[in-house]
Amino acid sequence: MAKSKFEYVRSFETDDTCLRNCYIVVRLDGRNFHRFAEQHQFAKPNDDRALGLMSKSARSVMEGLEDITIAYGQSDEFSFVFKRTTTWFKRRASKLLTHVASQFSSSYVFYWKEFFGEQPLLYPPGFDGRVVLYPTGRNLRDYLSWRQADCHINNLYNTVFWTLIQKGGLTTTQAEDRLKGTLASDKNEILFSEFDINYNNESALHRKGTTLIWEKRDETVSKHIKRPNEEEKQVPVTRSRRKVEAYHCDIIGDQFWEEHPGVLQDDT
Ligand code: DGT
Ligand code: MG
Ligand code: MG
Ligand code: MG
Ligand code: MG
C-alpha cells in the first residue's frame, strides 16, 4: 500500500533502546505521597494497608509483565528489575517504563478496597518512574542495597520520631530537636532505654521492605481419573508452579543471593 505523505513524522521518534547485557531497573515513586498519606489517614510511621497495597500492585506488575526477576519496595516506591537478556518491547525504555507505571497505578486503584475497605479513595494517585541500567550483578546488588539502606535509615528515624511523640508526649518540633545530630546507635538507645523497644524486634516488613521474586513451588491437587473398565478414582497430581513470593529480609549481605541463585544472571 502506498505510504501517506504524513508517514515521515515517524522519523521524529527517538531511539531509546536500552544497552544490551545490562539489567534494566524501573523505579516508581508515589507522587506527593506526603499529602496522599495525610489525606487518607495512613498510620504513622508505617501503614500496613498502604504497604500491602503497594506489594499487591507490584505483584500484579510481575505477574502480568514477563522477564521481571526481582522487585524491591519500601514506603511509596517500588523497583523492578528486568533480566539482563530481556528482549521485551525490544528493550525500549519508554515502553518498559510506561507499561510498568500504568499497570502499577491501575492496580493500586483496582485493589484499593481490598486493603482500605470502605474508606474511599479521595483522588487518583500518580507514580513517577525512571529507567536505570546496571551493567554488572555487583552494580545491581549495590542499587538494591542502596534502596534497602534508605528504608533502614528512614524507618529507624521515623520509628524514634513517632515513638517520642506518641509515647513520649513530645511535640513534632521537640522530637525533631531531640533527634538532631543523633547517630543510629543513639536512636537505638533512645528506643531501648526510654521506651523498652528493641528496634531489631520491630516488624521486618517495616525495617527491611519487601522483596518479590519468582519461586517454583510444588502444588499437589487431586484429580479424578476414569480408565475404561475401572472404577473412577482420585489420584494426587504434583505440579511445579512458578509463584511470586514475598520476603522481608536483608538483601544487602550475601545470604539472600546464595539462597536464591537464579535471581542474578551470570556476568560472563
Ligand atoms: P514526591 O515523591 O517528590 O512526589 O513527594 P513525596 O511526598 O511522595 O515524597 P517521598 O516519595 O520522598 O516520600 C514518601 C512520603 O510518603 C513521605 O512523606 C511519607 C509518606 N508515606 C509513605 N508510606 C507511608 C506510611 O506507611 N505511612 C505514612 N504516614 N506516610 C507514608
Ligand atoms: Mg519522587
Ligand atoms: Mg513519593
Ligand atoms: Mg518515596
Ligand atoms: Mg498499541
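How each quantity is defined
- Residues numbered from 1 in each chain as written.
- Chains lettered and ligands numbered in written order.
- Predicted model: local features only at pLDDT ≥ 70, side-chain atom pairs only at ≥ 80, totals over all residues.
- Heavy atoms only, no water.
- Helix = DSSP H or I, 4+ residues; strand = E, 2+ residues; numbered from the N terminus.
- Rg over C-alpha atoms; globule rule 2.2 N^0.38 Å.
- Buried < 20%, exposed > 50% of the residue type's maximum accessible area, 1.4 Å probe, protein only.
- Contact = heavy atoms within 4.5 Å.
- Phe/Tyr/Trp six-rings, centres within 6.5 Å; stacked < 30°, edge-to-face > 60°.
- Lys NZ or Arg CZ within 6 Å of the ring centre and 35° of its normal.

A. Structural view of the overall build of the chain. A tally of regular secondary structure across the chain gives 9 helices and 6 strands. Against the compact-globule benchmark of 18 Å for 268 residues, the chain has a radius of gyration of 23 Å, which places it well outside the compact range. Principal-axis analysis of the C-alpha atoms places the extent of the chain at approximately 70 × 70 × 45 Å. Taking all 268 residues of the chain together, the buried fraction comes to 37%. Contacts in the chain between residues at least 24 apart in sequence constitute 70% of all its contacts with a sequence separation of at least 6.

B. Fine view of the packing of aromatic side chains. Enumeration over the complete set of coordinates arrives at 25 aromatic pairs. The interplanar angle of 25° and the centroid separation of 6.2 Å between the aromatic rings of Phe 82 and Trp 88 together place this pair among those described as stacked. No difference in accessibility class separates Phe 82 from Trp 88, as the two residues are buried. For the cation-ring pair, Arg 35 lies above Tyr 123, with the distance from its terminal atom to the ring centre recorded as 4.6 Å.

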